[in-house]
Amino acid sequence: QVQLVESGGGLVQAGGSLRLTCAASARTFIAMGWFRQAPGKEREFVAAISRSGGSIYYEESVKGRFTIARDNAKNAVYLQMNSLKPEDTAIYYCAASHHWVISKIDEYEYWGQGTQVTVSS
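No experiment lies behind these values; they were computed from the predicted model shown. (Residues numbered from 1 in each chain as written. Predicted model: local features only at pLDDT ≥ 70, side-chain atom pairs only at ≥ 80, totals over all residues. Heavy atoms only, no water.)

Q: Outline the pairing of strand S3 (residues 18-24), listing residues and values.
A: Burial along S3 is one-sided: the residues Leu 18, Leu 20, Cys 22 and Ala 24 are buried and none of Arg 19, Thr 21 and Ala 23 is. As judged from the four bridges shared by strand S1 (residues 4-7) and S3, these two strands associate in the antiparallel manner. Bridge assignment links Val 5 to a residue of S3, and that residue is Ala 23. Here S3 runs beside strand S8 (residues 76-81); their pairing, made up of six bridges, is antiparallel. Its bridge partner being in S8, Arg 19 is matched across the sheet by Gln 80. (Buried < 20%, exposed > 50% of the residue type's maximum accessible area, 1.4 Å probe, protein only. Helix = DSSP H or I, 4+ residues; strand = E, 2+ residues; numbered from the N terminus. Pairing = 2+ DSSP bridges.)

Next comes the structure, spelled out in C-alpha cells:
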C-alpha cells in the first residue's frame, strides 16, 4: 500500500520560512506535487516536479518564494517556503502519480494526510 507522509508544517511569522517534507513508500512516481487547502476554500495547486527534476511548475502566487525539489534515492519531495505570507496559511498536501501531471487534482493517484501551515501577521 502506497503511503505519503508529510511533515514540517507549523506556525511561523510573516516573512519566515518552513520546509515541508513528503516521504513516499514507493519510488516509481513520475509526478509529485504539493497542493494546499485554506479554510472554506477549494484545494489548489502549489507546485509539481517530474521524476528527473527537469520539469517544475509553480502556482503564480508562490513563484520566487517556494522551491520544490525531490530526492529519488530517499523517495522524498520537499517544499521550501520562504517569505511566507498570512495568505499562505493552509493545510498542505503531498500528491503523487505514476503519470506526468501538473495541476489537475483528479489525475493524482495518491495523497498524504496533510500538514498544517499557519502564518501569523
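Q: Account for the environment of Asp 88, naming residues and giving values.
A: One can find Asp 88 in the loop between S8 and strand S9 (90-97). For the pair Asp 88 and Ala 38, spaced 50 residues apart in the sequence, the C-alpha separation amounts to 8.2 Å. The residues contacting Asp 88, other than those within four sequence positions of it, are Arg 36, Arg 65, Phe 66, Ser 83, Val 117 and Val 119. In this structure the side chain of Asp 88 is engaged in a polar contact, spanning 2.9 Å, whose partner is the side chain of Arg 36. (Contact = heavy atoms within 4.5 Å. Polar contact = N/O pair within 3.5 Å; in protein donor to acceptor, adjacent residues only side chain to side chain.)

Interpretation in functional terms is not warranted from these geometric data alone.
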